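Structural characterization, general
Chain by chain, the residues run as shown.
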Amino acid sequence: MKLLAVLLAIGTPVMAQEAEGFDPLPTFKACMDEEAARYERALRGLTGMREAQEFEIGDTRGVGYCGSVGFVLCDRKGALKAVQACQLEFAEQQDALAEKVRASLPAPEAVAEKGGPFEQALYPRVYALAQGSSAGPDCAGDLPQRGTWCTAWEANNRLSNAFLTWQLARYLGAAETAVDAGWADVPPPQRPLARDRGDQ
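All of these numbers come straight from a predicted model, not from anything done at the bench. (Residues numbered from 1 in each chain as written. Predicted model: local features only at pLDDT ≥ 70, side-chain atom pairs only at ≥ 80, totals over all residues. Heavy atoms only, no water.)

Considering the confidence of the model for the chain
How we decide: Every residue gets a pLDDT, meaning the predictor's confidence in that residue, from 0 to 100. Per the convention used, a helix needs a DSSP run of H or I reaching at least four residues, while a strand needs a run of E reaching at least two, with both numbered from the N terminus. Here, two residues are considered to be in contact whenever any of their heavy atoms come within 4.5 Å of each other.
Per-residue pLDDT for the chain has a mean of 85; in total, 81% of the residues score no lower than 70. Put simply, helix 1 (residues 2–9) is where the chain has its lowest mean pLDDT, 40, and helix 7 (residues 178–181) is where it has its highest, 97. This stretch, residues 1–18, has a pLDDT under 50; its non-local contacts, to residues over four places away or in other chains, come to 33 contacts.

As C-alpha cells, this is what we get:
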C-alpha cells in the first residue's frame, strides 16, 4: 500500500491515459526517460568532486519503480484478460528497451583499463549478467492469473541488469548518454511544487 501511495503521489507532464477516477501516472517510457536523466544528474555530482570516487551510484530501484508504474497502469485495465494482455505487451516493451540498452554497452575488453580495481572487477560481471539468459522458463508452474505478471516482472529484471551495466559504463566514460544512444528522450521539465504560504 505504501508503494501504491507513492506512485499515486508522483506526477509528471507526460501522462498515460487513465481510467476515470484514477490519479494520473507517467507512462513507462516517460518514467524511464526521467530515470536515465536522474542518473546523469547523480553522475555529474559524483564526477564533480575533487577526489576520484568509486562507483557508488549504481542503483536499479528506479527501474523497479517504473516497472511498478507499468503494472499499476495494466491493473487499471479492469478485466482480467485486458490486464493480462497489457502485462504481456509491457514485458515486450521492457525487453525491447533492454535490447537497446545492451546494444549501447561497450565490451569488457574496451574498458579493462578504466576506473579503479573495484570497477575493473565489476564491469565484466555485470556485463555478463546483462547478456545472460535464463536457465529455463522463469514463470513455469505459476497460476494463470500470475503468469503474465511474472513474465512482465522477469522482463523488468532483465532491464535492470542492462541498466546497471549502462550506469557503470557511463561512470567509466565508455558509453553514451541514453539520449545520445537513442533509447531515451530528454524528459520535459518538471513544474516546481508550490510552496505553502501558511495563513498569508
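Brief notes about the packing of helix 2 (residues 28–47) against helix 3 (residues 61–75)
Just so we agree on the cut-off: Helix axes use the C-alpha atoms of the stretch in contact, all axes being lines fitted to C-alpha atoms, and the angles between their N-to-C directions lie in the range 0 to 180 degrees. Any angle between 65 and 115 degrees counts as roughly perpendicular, while under 35 counts as roughly parallel, over 145 as roughly antiparallel, and the rest as oblique. Less than a right angle of anticlockwise turn of the near helix away from the far helix marks a crossing as left-handed, whereas a clockwise turn marks it as right-handed.
Viewed as axis vectors pointing N to C, helix 2 and helix 3 meet at an angle of 165 degrees, and their least axial separation amounts to 9 Å. By the angle between their directions, the pair helix 2 and helix 3 is classed as roughly antiparallel. Handedness of the helix 2/helix 3 crossing: right-handed. Where helix 2 approaches helix 3, its residues Phe28, Cys31, Met32 and Glu35 are matched on the opposing element by Gly62, Val63, Tyr65, Cys66 and Gly67.

Digging into the state of the cysteines
Put simply, the rule reads: Note that a disulfide, as used here, is simply two cysteine sulfur atoms within 2.5 Å.
Enumeration over the complete set of coordinates arrives at three disulfides. Put simply, cysteine 31 and cysteine 66 are joined by a disulfide, and their sulfur atoms are 2.1 Å apart. The S-S bond linking cysteine 31 to cysteine 66 shows a torsion near -85 degrees; that makes this disulfide left-handed. Taken together, the residues cysteine 31 in helix 2 and cysteine 66 in helix 3 connect sequence positions 35 residues apart.

A closer look at helix 2
The condition is simple: Helix span, expected: 1.5 Å multiplied by one less than the number of residues in the helix. For the exposure calls, accessible area comes from a 1.4 Å probe over protein chains only, and a residue counts as buried if that area is under 20% of its type's maximum, exposed if over 50%, partly exposed in between.
With 20 residues, helix 2 ought to run about 28 Å at 1.5 Å a step, and its terminal C-alpha atoms sit 29 Å apart, in line with that. Turning to helix 2, its buried residues are Phe28, Ala30, Cys31, Met32, Asp33, Glu35, Ala36, Ala37, Tyr39, Glu40, Leu43 and Leu46. In this structure, the buried residues of helix 2 make contact with helix 3, helix 4 (80–103), helix 6 (144–171) and helix 7.

Describing the packing of aromatic side chains
Quick reminder of the rule: The rule is short: rings of Phe, Tyr and Trp, with Trp giving its six-membered ring, pair when the centres are within 6.5 Å, and they are stacked under 30 degrees, edge-to-face over 60, tilted in between.
Applying the stated criterion across every chain, the model contains 11 aromatic pairs. Pairing tryptophan 166 with tryptophan 183 gives two aromatic rings, centres 5.0 Å apart and planes at 80 degrees, and the pair type is edge-to-face. Of this pair, tryptophan 166 sits in helix 6 while tryptophan 183 sits in the segment after helix 7, and the two are 17 residues apart along the sequence. By relative accessible area, tryptophan 166 is classed as buried at 0%. Residue classification places tryptophan 183 among the buried residues on the basis of a relative accessible area of 8%.

Quick look at the nonpolar core
To keep it simple, the criterion reads: Nonpolar core, defined: a set of buried Ala, Val, Leu, Ile, Met, Phe, Trp, Tyr and Cys residues in which side-chain atoms within 4.5 Å join the residues together.
Formed by 44 residues in total, the largest nonpolar core has its most connected members in Met32, Tyr123, Leu159, Trp166, Tyr171 and Trp183. Elements with a contribution of two residues or more to this core: helix 2, helix 3, helix 4, helix 5 (117–131) and helix 6. The element that contributes the greatest number of residues to this core is helix 6, accounting for nine residues.

Section: the packing of helix 3 against helix 6
Definition in use: Gly counts as polar in this scheme, as do all residues outside two lists: the nonpolar Ala, Val, Leu, Ile, Met, Phe, Trp, Tyr, Cys and Pro, and the charged Asp, Glu, Lys and Arg.
Where helix 3 contacts helix 6, the two axes come as close as 9 Å, and the packing angle between them is 155 degrees. By the angle between their axes, helix 3 is roughly antiparallel relative to helix 6. Like other packed secondary-structure pairs, helix 3 and helix 6 cross with a definite hand, here right-handed. Along the contact surface, helix 3 presents Val63, Gly64, Gly67, Ser68 and Phe71, while helix 6 presents Trp149, Ala152, Trp153, Asn156, Leu159, Ser160 and Phe163. Looking at the contact of helix 3 with helix 6, its residues break down into seven nonpolar, five polar and no charged.

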